[in-house]
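Structural features, examined
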Amino acid sequence: GKYQFPGFVTVRLNGAVDTSDHLALKSISRQMYTMDGLNAEIEFEQELRQLGNAENNLNMLFELVKRGRTNSQPVFFVLDEFHLFAQHPRQSLLYNLFDMTQQGSMQIVVLGMTAALSAVESLEKRVRSRFSGRQIFFMDP
């Protein structure tokens, strides 16, 4: 795609499109299986069936990333409209993504982009505790 980072697997999410954790998980699943290639269509359909039965079970996200990356490339999650993900109930997707960044066995980067300067303040305490705290601000010249 047009936003690929060499040496990384890139998964792009948009808070305006992926308006629930369930939709975001479907998007992650679709993108990860598309990149893996082998049996992607069959595995993606199986994953969607499981998602339908376990909408709130975000442990599946961890398993998907862990077993889906047999080539050991780091996974780069790009979250556009990041502040909208903070509006999801319990912020489970953000919590799990940030939690995975702290797993020593997983190479994951989560990049959240937003124009809302208050995005970090809108994170729940448990989510903020998983957030590295690194912020980069770009201002108009």
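To be clear, the structure that these remarks concern was listed above.
Thresholds, definitions, all that
- Residues numbered from 1 in each chain as written.
- Predicted model: local features only at pLDDT ≥ 70, side-chain atom pairs only at ≥ 80, totals over all residues.
- Heavy atoms only, no water.
- Phe/Tyr/Trp six-rings, centres within 6.5 Å; stacked < 30°, edge-to-face > 60°.
- Helix = DSSP H or I, 4+ residues; strand = E, 2+ residues; numbered from the N terminus.
- Buried < 20%, exposed > 50% of the residue type's maximum accessible area, 1.4 Å probe, protein only.
- Lys NZ or Arg CZ within 6 Å of the ring centre and 35° of its normal.
- 1 Å grid on protein atoms, 1.4 Å probe; cavity = no way out; pocket = protein on both sides within 12 Å on 5 of 7 lines; lining within 4 Å.
- Points joined across faces, edges and corners; volume = space filled by probe spheres on them.
- Nonpolar A, V, L, I, M, F, W, Y, C, P; charged D, E, K, R; others polar.

**What about the packing of aromatic side chains?**
If you walk through the whole model with that rule in mind, you get two aromatic pairs. Look at Phe 82 and Phe 98: their rings are 6.3 Å apart centre to centre, the planes differ by 40 degrees, and that puts the pair in the tilted class. Of this pair, Phe 82 sits in helix α4 (residues 82–85) while Phe 98 is found in helix α5 (residues 92–101), placing the two residues 16 residues apart along the sequence. One exposure class covers both Phe 82 and Phe 98, and it is buried. For Phe 98, a relative accessible area of 5% corresponds to the buried category. Positioned above the aromatic ring of Tyr 95 is the side chain of Arg 126, whose terminal nitrogen or guanidinium carbon lies 4.5 Å from the ring centre.

**A look at the layout of surface pockets**
Once rolled over the atoms, a probe with the size of a water molecule shows which space is left empty. Taken as a whole, the largest pocket holds about 830 Å³ of empty space. Forming the boundary of the largest pocket are 25 residues, of which Leu 111, Gly 112, Arg 134, Gln 135 and Ile 136 lie nearest the centre. Of all the elements in the fold, those that place two or more residues in the lining of the largest pocket are α5 and β3 (108–113). Among the elements that line the lining of the largest pocket, the one with the most residues is β3, at six residues. In terms of residue class, the lining of the largest pocket is built from 17 nonpolar, six polar and two charged.

Take it as geometry only, folks, not as evidence of what the structure does.
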